[in-house]
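In case you want the letters, here they are:
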Amino acid sequence: MQTKFLLGENQIPTHWYNIIADLPAPPAPVLHPGTMKPVTPADMLPLFPPGLLEQEMSAERWIKIPDEVREIYQLWRPTPLIRAHRLEKLLGTPAKIYFKYEGVSPAGSHKPNTAVPQAYYNKLAGTKRIASETGAGQWGSSIALACQMFGLECTVYMVKVSYGQKPYRKSMMQLWGAEVLASPSPRTNAGREILARDPENQGSLGIAISEAVEDAATHDDTRYALGSVLNHVCLHQTVIGLEAKEQLKLAGDYPDVVIGCHGGGSNFAGIAFPFLADKAAGKQVRVLAMEPSSCPTLTKGVYEFDFGDTAKMAPVAKMYTLGHDFMPPGIHAGGLRYHGASPLVSQVVHHGLVEARAVGQLSCFEAAVMFARTEAIIPAPESSHAIRGAIDEALAAKAEGKPRTILFNLSGHGHVDMASYDAYFAGQLEDYEYPAEKVKESLRHLPKVPAL
Ligand SMILES: Cc1ncc(COP(=O)(O)O)c(C=O)c1O
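Predicted model only: the values in this text are computed from it and were never measured. In this numbering scheme, every chain counts its residues from 1 along its sequence in written order. Note on the predicted model: pLDDT of at least 70 is required for a residue's local features to be given, and 80 or more for side-chain atom pairs to be given and counted; whole-chain, interface and lining totals, by contrast, use all residues. Think of the side-chain values as coming from all heavy atoms in the structure, minus any hydrogens and water.

Undergrad: Please explain the sheet that holds strand 7 (residues 153–159) as it appears in this structure.
TA: Strand-to-strand pairing in sheets goes through backbone hydrogen bonds, with the strands running parallel or antiparallel. Only strands joined by at least two bridges in the DSSP assignment are considered to pair. Note on conventions: DSSP H or I runs of at least 4 residues are helices, E runs of at least 2 residues are strands, and numbering of each starts at the N terminus. The strand order 8-7-6-9 describes an open sheet built from four strands, whose pairing is parallel. In the strand order of this sheet, the two ends are held by strand 8 (179–183) and strand 9 (222–225), each with one partner. Pairs of neighbouring strands in the sheet enclose a mean axial angle of 25°, with direction left out of account. Strand direction decides the pairing type here: strand 6 (residues 129–134) and strand 9, joined by four bridges, are parallel. Paired with isoleucine 130 across the bridge in strand 9 is arginine 223. By the convention used here, residues are in contact when the closest approach between their heavy atoms is within 4.5 Å. Only the stretch in contact is used when a helix axis is fitted, and all axes are lines through C-alpha atoms; the angle between N-to-C directions ranges over 0 to 180 degrees. Sheet strands touched by helix 8 (residues 167–175): strand 6, strand 7 and strand 8. Its angle to strand 7, the strand with the most contacts, is close to 170°. Across the sheet, helix 10 (residues 205–217) is in contact with strand 6, strand 7, strand 8 and strand 9; its angle to strand 6 comes to roughly 170°.

Below you can see the structure in the form of C-alpha cells.
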C-alpha cells in the first residue's frame, strides 16, 4: 500500500492556472475606495508592480511561471501527496483520504508559493521595500523569506494579538531580515487613530492591511504585498492543485470531494481551482470550503461590495463579507480571521460550484489531535479546519457504507502554534458562534456603490 505520491523537480508546474478563463460570468470590477469607480492600472501602480497587476486582470487560462520563481520553488516543491491510511483505519471508513502537504515549505505553509513570485515581480519593477501585514505570522514569515531571496527590504505589520501569541513567528521574520511592528502601531496615521481611540486595541487583519497600504502609498520606493484574497495570489497557489492532480494519477484515483480551509481563500483556491477547471469541463467533483464559526464569512456573510480593510483605503471588491469593521474574537486559527473573502472564491461559492461549511474550533482541535496521533504531522490550527471537513466526509461515507475519495489541503504545520495546543489541552478554548445580529450591524456600514 503506497503512502507518498511524489513528483520530480522537473514536474513542478510550468504555468499557473487562471480560473477567470472558466468562470460562468466575468468577475465584477474592483472599485476605487474614494470614487467608487472601477480601478485602473494607474490607480494600483503605487501599490503593485506591473507584472502582478497584469496577472490580477488577466483572463488567460495559463500564465507562465518565470524560471527564477521555479528555481526557488525547487527548494521544497513538488510537495508530497500522502494517503492517510492510518487515519482511515482509525475512523473505520471505506473512504480513501489523501492530503497535499504544504507544511514542507521553509516557512511551514503554502504562503511562500505566492510570496516568492510577488517578491520577484517587485524586484523586476525596481521596488526597494515591501510593506505587508500578517495575522498569525505565516504570511509575514513567507514574505520576509521571499524578500530575503531577492534582496528586498521588508516591513511587516503583525496583528497585535498574534504578536503576543506567536512570538516565534516574529523571530522567524526577523531572522529572514524583516522589520516587525505590532499593529495597530504608532508608525501610520491609521494605527495612530485607532490607538488614540482605543489604546488596548488588539488589532485585526483589516487594521494591519490599512497600515501596510498606507506605508506603501506614502513611500515611493515601497510597494504593498497581500498574502491572500487577490486574484494573483489565488493564481500562484494553483501549483498545489495542479501537482495534486498529477499525483492522484500516480495513485490511479480522482477525488469525489476536494477540501480546503478558508481564511482569505488562497490555499482553498490553490487546491480547488484546478479541480473546478475539470468541473467546468463536465467532470463530477464536489468542492468544500471549511471556515471557523467565529468568522463565518462564506456561510453568514453577504455577497456585496465592501472595503478590503478597516480604514477604507484598500479597493472595494464584490465578495462575501462580514463588514469591514468586523472585530474578530481571538480564536486560535489567527489566519482565518479576515472579514472578507477572495472575490474569485466568493464568485464560485455564489455560482453554487463550491459548498461552504462553518465549524467550531474545539472540533477542529479534536480533529487535529486525531490526525497528529495517526499521521504524525502536527497541523496548523488553520489547516485543522480542512482536516475536520475530511474526517466528517469520511464518517459520512462510513454511515452510507459507500466508498468516497477525499482530497484535502494540509496548508501548514503547527510547530509554531504549540501555545494553541497547550490552551486546548488545558481546557481554555471555547467555541464561539459569531452572532447574526453583529453581522447585521456591520453590514449597515457597507459602502454605497452606484449602479455599474
Ligand atoms: C497554515 C494556514 N492555512 C490557511 C491560512 C488561511 O489563509 P488563506 O485562506 O489565504 O489560505 C493561513 C493564513 O495565515 C495559514 O497560515
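Undergrad: Can you help me understand the packing of helix 16 (residues 361–375) against helix 17 (residues 384–400) in this one?
TA: The axes of two packed helices give the description: the angle between them and the distance between them. Close contact between helix 16 and helix 17 brings their axes to 8 Å; oriented N to C, the two are set at 80°. It follows that helix 16 is roughly perpendicular to helix 17 by the angle criterion. Residues Ser363, Cys364, Phe365, Glu366, Ala367, Ala368, Met370 and Phe371 of helix 16 form the contact with helix 17, whose own contacting residues are Ser384, His385, Ile387, Arg388 and Ile391. Tallied by class, residues from the contact of helix 16 with helix 17 come to eight nonpolar, three polar and two charged. Our angle categories are set so that under 35 degrees counts as roughly parallel, over 145 as roughly antiparallel, 65 to 115 as roughly perpendicular, and the remainder as oblique. Classification used: nonpolar for Ala, Val, Leu, Ile, Met, Phe, Trp, Tyr, Cys and Pro, charged for Asp, Glu, Lys and Arg, polar for all others including Gly.

Undergrad: Explain the site of the ligand to me, please; I cannot follow it from the model alone.
TA: Proximity is defined per residue: any heavy atom of the residue falling within 4 Å of a molecule or strand makes that residue near it. The local shell around the ligand holds 18 residues, among which Ser228, Gly263, Ser266, Asn267 and Ser411 are the closest. In protein, a polar contact requires one atom able to donate a hydrogen and another able to accept it; more generally it is a pair of N or O atoms within 3.5 Å, and residues adjacent in sequence count only if both atoms are side-chain atoms. In the environment of the ligand, an oxygen atom lies 2.9 Å from a nitrogen or oxygen atom belonging to the side chain of histidine 110. Its free accessible area being 390 Å², the ligand has 97% of it covered by the protein chains. Broken down by class, the residue content of the shell around the ligand amounts to three nonpolar, 13 polar and two charged. Values of accessible area rely on a 1.4 Å probe in the Shrake-Rupley scheme; residue burial ignores everything except the protein chains shown.

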